[in-house]
Every structure is written in structure tokens, then in C-alpha cells.
Amino acid sequence: MESQELMTEIMEQVTKRNPGEPLFHQAVQEVLESLEPAIEKHPEFVEAGILNRLVEPERQIIFRVPWVDDQGQVQVNRGFRVQFNSAIGPYKGGMRFHPSVNLGIIKFLGFEQILKNALTGLPIGGGKGGSDFDPKGKSNGEVMRFCQSFMTELYRHIGADVDVPAGDIGVGAREIGYLYGQYKRLTGLYNGVLTGKGLTYGGSLTRTEATGYGLVYFLEEMLKAKRQTLAGKTVVISGSGNVAIYAAEKVQQLGATVVAMSDSNGYIYDPRGIDLDTVKQTKEIERKRIRSCVSCHPSYQYFEDSQGIWSIKCDIALPCATQNELDEESALKLVANGVIAIAEGANMPSTPEAIKVFQDNNILYAPAKASNAGGVATSLLEMSQNSMRCNWTFDEVDAKLKDIMTSIYQQTSRAAWEYGCEGNLAKGANIAGFLKVANAMMAQGVV
Ligand code: NDP
Ligand code: 2IT
């Protein structure tokens, strides 16, 4: 069968088997489209049904999460863990707590995670989980009771050598702490079963910063290839959560100016630059909206429209909030305003149409599964330290993170070149990640 025909057939199967899951379809489609040259070189993968197996999760767990709110009312949420692929190591991937979470979102994230984790060069398979629970506006007591109930089911399915969850949207240090406490209570085990732990109970230095810093290390490599640096550049960053804040911190350290940041309500803008201490205080400590930053900095302008952030003139755009947040219209505005590079901190933040705009206009484009892999890579460094019963310094972990991001950039650009699409890092990332997973699956037989 022609490889194109095979891809169409697999896509039809995915759509039929997973109805009503457009984000999962989108993620699979983007990967399949780019794998054609790899499949043509490796007919043995087709014969072994590698692609058909890759798009079907090994296991999908859905469970009830009952808890009692501060008014004494019983609340019921839904919990998910999708253990997608364990060919190269234990399942690994974050957990998202957001009201929009459903099985399709977890599958799209889990599928992306397989190839991302392969690109890190570390022994981790792909998985993802979460819940439609909304931590926003909940008291610490409510978040704790929810996390305890969630873990009371999840603990049966995870383990330090089985499946190691971490954070994602809505799951940060507070949630990981409550989840870890309950896991330890239920199992009596003190091991590295979750990553993103606090520094006092097994966490790793640099894990908090890792996704954002890693994104900027990847961006630096991409710019270096064009003899450019970050110094003096103007940067727009969407989101103001974990990834956005530490991406902003690193670009500022490297001499660029972050002129705008956002949340799901709107964005703040100041051409002289955003003060990160205020953003950290507002978002990490006070858990308030980004517009509150204006009270400390009257020079900031606030716009109640998070999409509008892409109409700001900038050299570099870093989408770090959520999927499909940057569409064709926004991409066209960025290009018209002279953007030179886009690097994705969020998972699948650019729509397929936006990616086409970047590629058609020769804009440097760093795809999420390569450029945001620093978070999960540092999670593996946390697991290593837990197993070795030791702690590395901030600089040691940061240096390893930087090496990993450089290596991901090199693998990705080399694969693009080898498979006839030089400069297309999106295809390069998919091919390089896929080849690792496919070779491991081939070696292990039909399982
Ligand atoms: P956080 O919960 O810390 O922050 C999320 C940010 O994105 C907030 O500013 C939030 O605004 C905004 N946001 C969330 N949902 C939406 C939405 N539907 N529309 C507009 N804005 C939204 O999450 P992270 O920073 O950890 O995650 C951000 C992205 O990075 C996600 O795509 C995640 O999958 C990805 N990622 C995270 C990694 C990690 O280690 N944490 C690793 C790799 C990727 P608001 O407060 O208004 O909701
Ligand atoms: O999307 C991601 O890579 C994450 N949310 C981090 C996963 C992890 O296991 O650290």
C-alpha cells in the first residue's frame, strides 16, 4: 500500500474509533502527515503495524472523583489517566486540572507526550491524565480533599517504575504536594512516583523553571543557526502560568524585553517591559488575575481579550497558555508585524493553519514536542535523583537541561535534513521521535 493511502486509512480509523475528540484527531493528523518519508524508508514498520499500534493507547482509565466542598455539598468530578505507550520506558506525563478536560484532550496530550519523551533521549514512555476539576476559586481545603479523592483511585495504576505523573495546567506545587501525601499514605511508599515535588520532600532544583528555561534554550539554538541572539529582541508571551513565567525570566536574563503577558481573560502590555516579580506575586502567590498587576504598575495597559496579544509588534512570540490559542488570523498579524521566530511552550498552541502561515513565510518555528520537552526531561532528572538518593545543585540540573535541549534541537534539525525537509523542525521532531519509538516497538514484538 502507498504510504499516503496507509495514512488516510489510519486517520479514518482514528476518527471512527474516537468520535467527538477533535484535538486528538488534530494531533494524530499532524504527526501522520509528517511521517511519510520515514515510512517510505522503513516498510518493515508498516508490516509490523507500528502506526496502527501507535495511535491506540495501551490503556485508558476513567474514574469518579467524589469530594465534599466547603459548604458540605458533595461534588463529583471525572478523573482520567491515559497510558499511551510504554515502548521506551514507564509512562510519563503531566496531569491537567481544568473544566475543559475530557478524554479527547488527555489523549491528544498523551499522544504528543510519546514523541516528546522519545526526543529527550531518556527512557520514558508517554502518558497523560487529569480531571475536569477547576482549582480556580477553590480553597486550599477543597483542593486538598479533591486531590486526596483523585489519588485514592489513581494510586492503583501508577508507580515509580510503572507510570509517573507530574503537573500541567492547574496542577502545580500545591496539588502535587497533596497528591503525593495521599499516595504515600495509601501505599506506605516514599519514592519518585510523582515529579514536580517540593524541595523538602524529594523535588529537584530547576524543575519549576525547566519548561520555560528549556523553551528558551531551544529558541537560542534555533536563532544561533541564523546568526541571531536574544539580546535586544522584543518578546510577547501568552499565559502567565508556570511555563510562561520562567520563559519570561530566561529571555529577560538573555537581554530581551517581554512586552506582554496574558491569562484567559486578557493581557497586560508595556513597551518598556513587564516586571516579573509582580507577575509571580500575582499569579503564583496571590492566585489573582493578570489585570491585578496594573495596580502596581499604572503604566501597564490592560486589554480584556487574550487573543489580542498576537497583534502586538514583536520579534519573537512564545505561546505558553493552551492548545489552538494562536490561529491563522493571529499568525498573519505576527508575520505582518515582522516576527522572526515562534517557539511553542504550550502543547499544540498553533492551529494547523497558523503553522502553515509561519512555514510559508519562512518564520523560524519551534514545535512544542521539541521546544517544551525541558519540563519532562527535568522530571526524569528528578526521578534519577530520587533513585540515587541524592540532590544535584541548581547549576548541575540547569546544565543537564541545556545539554538536553541542544541535543533535541540537533536531532530535530538533522532528521529534517536527512528526510528531505531541511529547516522544517516540526517534521524533524515527529520523525526523530517516531523512529526511536518505532525501533523499540519492533524489537519487542507485537505487544
Ligand atoms: P498553568 O496552569 O501554570 O498556567 C496556564 C496558563 O495558561 C494560565 O495563564 C492560564 O490562564 C492560561 N490558560 C489556560 N487555559 C487557557 C485557555 N483555555 N485560554 C486561555 N488561556 C488559558 O499551566 P502551565 O504553565 O504548566 O501550562 C501551560 C501550557 O504548557 C499547557 O499547554 C501545558 O500543557 C504546557 N506544558 C506544561 C509543562 C509543565 O511542566 N508545566 C511542560 C510542557 C508543556 P488562566 O489562569 O486564566 O486559566
Ligand atoms: O506536557 C508536558 O510535557 C508536561 N506537562 C510535563 C510532564 C512531566 O512529566 O514532567
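Please refer to the structure higher up on the page.
None of the values given here were measured: they were computed from a predicted structure. (Residues numbered from 1 in each chain as written. Chains lettered and ligands numbered in written order. Predicted model: local features only at pLDDT ≥ 70, side-chain atom pairs only at ≥ 80, totals over all residues. Heavy atoms only, no water.)

1. Some points on the site of ligand 1
Condition: Here, proximity means that at least one heavy atom of the residue falls within 4 Å of the molecule or strand. Counted as a polar contact is a pair of N or O atoms within 3.5 Å, where, for protein atoms, one must be capable of donating a hydrogen and the other of accepting one, and residues adjacent in sequence contribute only when both atoms are in side chains. All accessibility values rest on the Shrake-Rupley procedure with a 1.4 Å probe; residue burial counts only the protein chains present in the view. Where helices and strands are cited, they refer to DSSP runs of H or I of at least four residues and of E of at least two residues respectively, numbered from the N terminus. In this classification, the charged set is Asp, Glu, Lys and Arg, the nonpolar set is Ala, Val, Leu, Ile, Met, Phe, Trp, Tyr, Cys and Pro, and all remaining amino acids, among them Gly, are polar.
The environment of ligand 1 is made up of 26 residues, and the closest members are Lys136, Asp168, Ser264, Arg289 and Asn347. In this structure, Asn347 approaches ligand 1 through a side-chain N or O atom, which is 2.8 Å from an oxygen atom. Isolated, ligand 1 exposes 880 Å² of accessible area, and the fraction of that covered by the protein chains is 84%. Sorting the residues of the shell around ligand 1 by element identifies helix H8 (207-224) and helix H9 (242-253) as the ones contributing at least two each. Classifying every residue of the shell around ligand 1 gives 5 nonpolar, 13 polar and 8 charged.

2. Details of a nonpolar patch on the surface
Note the cut-off: What goes into a patch is any residue over 30% in relative accessible area without a salt bridge, connected to like charges within 9 Å or, for nonpolar side chains (Val, Leu, Ile, Met, Phe, Trp, Tyr), within 5 Å. Salt bridge, as applied in this entry: a Lys or Arg side-chain nitrogen positioned within 4 Å of an Asp or Glu carboxyl oxygen.
A cluster of nonpolar side chains, Val68, Val74 and Val76, forms an exposed patch at the surface whose accessible area comes to about 260 Å². Looking at the element boundaries, Val76 is found in strand E2 (residues 74-85).

3. Focus on the pattern of salt bridges
Note the threshold: For every residue, the accessible area (1.4 Å probe, protein chains only) is compared with the maximum for its type, and the residue is labelled buried under 20%, exposed over 50%, or partly exposed between those bounds.
Following the criterion strictly, the structure yields 20 salt bridges and no others. A salt bridge links Lys369 to Glu30; the nearest nitrogen and oxygen atoms lie 3.3 Å apart. Residue Lys369 is found in helix H14 (residues 368-371), and its partner Glu30 is found in helix H2 (residues 22-41); the two are separated by 339 residues along the sequence. The class of Lys369 is buried, set by a relative accessible area of 4%. Linking Lys128 and Asp168 is a salt bridge whose minimum nitrogen-to-oxygen distance equals 3.0 Å. Of the two residues, Lys128 is situated in strand E4 (residues 125-131) and Asp168 in the loop between strand E5 (163-166) and helix H7 (173-187); the sequence distance between them amounts to 40 residues. Among the charged side chains, a network of salt bridges with common partners joins Glu30, Glu112 and Lys369.

4. What to know about the sheet that holds strand E11 (residues 341-343)
Paired through backbone hydrogen bonds, the strands of a sheet run either parallel or antiparallel to each other. Stated formally: A pair of strands is treated as paired once DSSP finds two or more bridges between them. Orientation is described by lines fitted to C-alpha atoms, with helices fitted over the stretch in contact, and by angles between N-to-C directions that extend from 0 to 180 degrees.
Read from one edge to the other, the open sheet built from 7 strands follows the order E9-E8-E7-E6-E10-E11-E12, with strand pairing classed as mixed. Sheet topology places strand E9 (301-303) and strand E12 (364-366) at the edges, where each strand pairs with a single neighbour. When strand polarity is set aside, the average angle formed by the axes of neighbouring strands in this sheet is 15 degrees. Inspection of the sheet shows strand E10 (residues 316-319) paired to E11 by 2 bridges, in the parallel sense. Looking across to E11, one finds that Ala317 is bridged to Ile342.

5. Some details on the side chain of Asp398
Convention followed: When charges are tallied, Lys and Arg are placed among the positive residues and Asp and Glu among the negative ones, while His and the ends of the chain are skipped. Contacts between residues were defined by any pair of non-hydrogen atoms, one from each residue, lying within 4.5 Å.
Relative to the helices and strands, Asp398 resides in helix H16 (residues 394-418). Buried and without a salt bridge, Asp398 has Lys250 as its closest oppositely charged side chain, separated by 4.6 Å. Other than its neighbours up to four places away in sequence, Asp398 contacts Thr206, Tyr213 and Tyr217.

6. Concerning the nonpolar core
Here is the rule: By convention a nonpolar core is built from buried Ala, Val, Leu, Ile, Met, Phe, Trp, Tyr and Cys residues, the set being connected through side-chain atoms within 4.5 Å.
One finds Phe111, Ile237, Met261, Leu318 and Phe434 to be the most contacted residues of the largest nonpolar core, which totals 97 residues. Once residues within four sequence positions are removed from consideration, Phe111 is found in contact with Phe24, Ala27, Val28, Val31, Leu54, Val55 and Phe84.

7. Looking at the packing of aromatic side chains
Note the following rule: Two rings from Phe, Tyr or Trp (for Trp, the six-membered ring) form a pair when their centres are within 6.5 Å of each other. A pair whose planes differ by under 30 degrees is stacked, one over 60 is edge-to-face, and the rest are tilted.
Using the criterion set out here, one finds 18 aromatic pairs in the structure. Between the aromatic rings of Phe63 and Phe150, the centroid separation amounts to 5.2 Å while the plane-to-plane angle is 55 degrees, which identifies the pairing as tilted. Placement of Phe63 in strand E1 (residues 59-68) and of Phe150 in helix H6 (residues 140-154) is noted, with a sequence separation of 87 residues between them. Judged by its relative accessible area of 7%, Phe63 is buried. Overall, Phe150 belongs to the buried group, its relative accessible area being 0%. Relative to Phe146, the ring of Phe133 lies with its centre 3.9 Å away and its plane at 5 degrees, an arrangement referred to as stacked.

8. Points about the site of ligand 2
Close to ligand 2 lie 14 residues, the nearest being Lys92, Lys116, Asp168, Arg207 and Ser379. At 2.7 Å from an oxygen atom of ligand 2 is found a side-chain nitrogen or oxygen belonging to Lys92. Interatomic distance of 3.0 Å between a side-chain N/O atom of Arg207 and an oxygen atom of ligand 2. Expressed as a share of its isolated accessible area of 300 Å², the protein-covered part of ligand 2 is 94%. Broken down by secondary-structure element, the contributors of at least two residues to the shell around ligand 2 are strand E3 (91-97), helix H5 (103-119) and helix H15 (374-388). Counted by class, the shell around ligand 2 contains 2 nonpolar, 7 polar and 5 charged residues.

9. So, the environment of Ile61
Take Ile61: it is sitting in strand E1. Considering only alpha carbons, one finds Ile61 and Lys400, 339 residues apart in sequence, at a separation of 34 Å. Beyond its immediate chain neighbours, meaning those up to four positions away, Ile61 contacts Gly79, Phe80, Arg81, Gln83 and His157.

10. With respect to the sheet that holds E4
Reading across the sheet, the 5 strands line up as E1-E2-E4-E3-E5 and stay open at both edges, with mixed pairing between neighbours. The sheet is open, and its two borders are formed by E1 and E5, each paired with just one other strand. Strand after strand, the sheet turns through a mean of 20 degrees between neighbouring axes, direction not considered. Judged from the 5 bridges that link them, E3 and E4 form a sheet pairing that is parallel. Its bridge partner lying in E4, Met95 is registered against Gly129. Strand contacts of H6: E1, E2, E3, E4 and E5, with the helix running at about 140 degrees to E1, the strand carrying the most contacts.

11. Considering the pairing of E4
In terms of burial, E4 is a largely internal element, 7 of the 7 residues being buried. Burial along E4 is two-sided: the residues Gly125, Gly127, Gly129 and Ser131 and Gly126, Lys128 and Gly130 are all buried. Here E2 pairs with E4 via 6 bridges, running antiparallel. Its bridge partner lying in E4, Gly79 is registered against Ser131.

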